[in-house]
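Structural characterization, general
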Amino acid sequence: MVVFGSRPLVRKVEGLHLSLLGKELTPAKSAKDLGVILDPNLTYEDHTTKTVSTCMSRLGQINRVKHVLDMDTLTIVVNCVVFSKLFYCSHVWINTTESNLDKVQKVQNFACRIISGVKKFDYITAVLRVMLWLPIRQQLYYRNTVIAFNCVTGCAPDNSDSLTDQFIKRSDISTSTTRSLKKLQIPFLKSATGKRSLYYRTVRIWNALDPLLKLGSTLQDSKQKLQSILLIKRLYRQYSVI
């Protein structure tokens, strides 16, 4: 049994005890569901730490045999063995803390060094640009945007109609002619926990999305455009530094 809530609320129920079928239940510090470790405050600290440790261990093993593999094979192995584990259920733990995202970024940096042959203390950001790899934060934003596109446009594979009906357009609740009339209504939430929810993040991302991406004929078309925009922004920042 796990009690979820903000830190002040969780402290109030620290001594909670329940009886079920003659057995006493006490709140646990974490629980694992479908491969994701959930903590009471939904910070995903334990999940991130465990995932990073596992990925680093796998990268260490790959690093020992990288001399017998070419660059293309190394890339395939890292994608299959490491990144598939690293980005598993990323839509769930994307709202974790910045310190946890820094840990995840170190996994990507280590993988990039193994594939490219860059030494430990060499600058890695330029190598990521050359390999056309998005940093972790942009990679998560890209994945979150794809989910937002699926939910809002009804491209989700299951229950797409119910997902689409949850979003309210501003034109449905207001008759005023404004520039934001075609955007979605942002729910009013005071708590930081509520603002980390998938629904809130989806609305904010969709409203800030480039109109060209919203007009994509297919999901694949929008994904390619979004990835190109993110890569171009990275290259622009690289060459605009004086």
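What comes next is a walk through the structure. Since we're looking at a predicted model, the values are computed, not measured. (Residues numbered from 1 in each chain as written. Predicted model: local features only at pLDDT ≥ 70, side-chain atom pairs only at ≥ 80, totals over all residues. Heavy atoms only, no water.)

Attention now moves to the nonpolar core. In terms of nonpolar packing, the biggest core is built from 30 residues, with Val 78, Val 82, Phe 83, Leu 86 and Trp 133 touching the most fellow members. Breaking this core down by element, the ones donating at least two residues are strand S4 (36-38), helix H2 (45-64), helix H3 (71-86), helix H5 (98-116), helix H6 (125-130) and helix H7 (136-153). By residue number, the principal contributor to this core is H5, which donates 7 residues. Not counting residues up to four positions away in its chain, the partners in contact with Val 78 are Leu 59, Ile 62, Phe 83, Ala 111 and Ile 115. Counting 14 residues, the second largest nonpolar core, distinct from the first, contains Tyr 142, Phe 149, Val 152 and Phe 167. (Core = buried A, V, L, I, M, F, W, Y, C linked by side-chain atoms within 4.5 Å. Buried < 20%, exposed > 50% of the residue type's maximum accessible area, 1.4 Å probe, protein only. Helix = DSSP H or I, 4+ residues; strand = E, 2+ residues; numbered from the N terminus. Contact = heavy atoms within 4.5 Å.)

Going through the model one piece at a time under the given rule, you end up with 4 cavities of 30 Å³ or more. Roughly 40 Å³ of volume is contained in the second largest cavity. Looking at the second largest cavity, the residues that line it are His 47, Thr 48, Thr 51, Val 52, Leu 86, Trp 93 and Val 104. In terms of residues, the lining of the second largest cavity owes the most to one element, H2, which gives 4 residues. Taken together, the residues of the lining of the second largest cavity break down into 4 nonpolar, 3 polar and no charged. (1 Å grid on protein atoms, 1.4 Å probe; cavity = no way out; pocket = protein on both sides within 12 Å on 5 of 7 lines; lining within 4 Å. Points joined across faces, edges and corners; volume = space filled by probe spheres on them. Nonpolar A, V, L, I, M, F, W, Y, C, P; charged D, E, K, R; others polar.)

Scanning the entire structure with this criterion turns up 2 aromatic pairs. With 5.5 Å between their ring centres and 70° between their planes, Phe 83 and Trp 133 make a pair best called edge-to-face. With Phe 83 in helix H3 and Trp 133 in the loop between H6 and H7, this residue pair connects regions lying 50 residues apart in the sequence. For the pair shown, Phe 83 and Trp 133 are each scored as buried. Grouped by ring-pair contacts, the aromatic residues Phe 83, Phe 87 and Trp 133 constitute a single cluster. Here the guanidinium or amino end of Arg 143 rests over the ring plane of Phe 87, the centre of that ring lying 4.2 Å away. (Phe/Tyr/Trp six-rings, centres within 6.5 Å; stacked < 30°, edge-to-face > 60°. Lys NZ or Arg CZ within 6 Å of the ring centre and 35° of its normal.)

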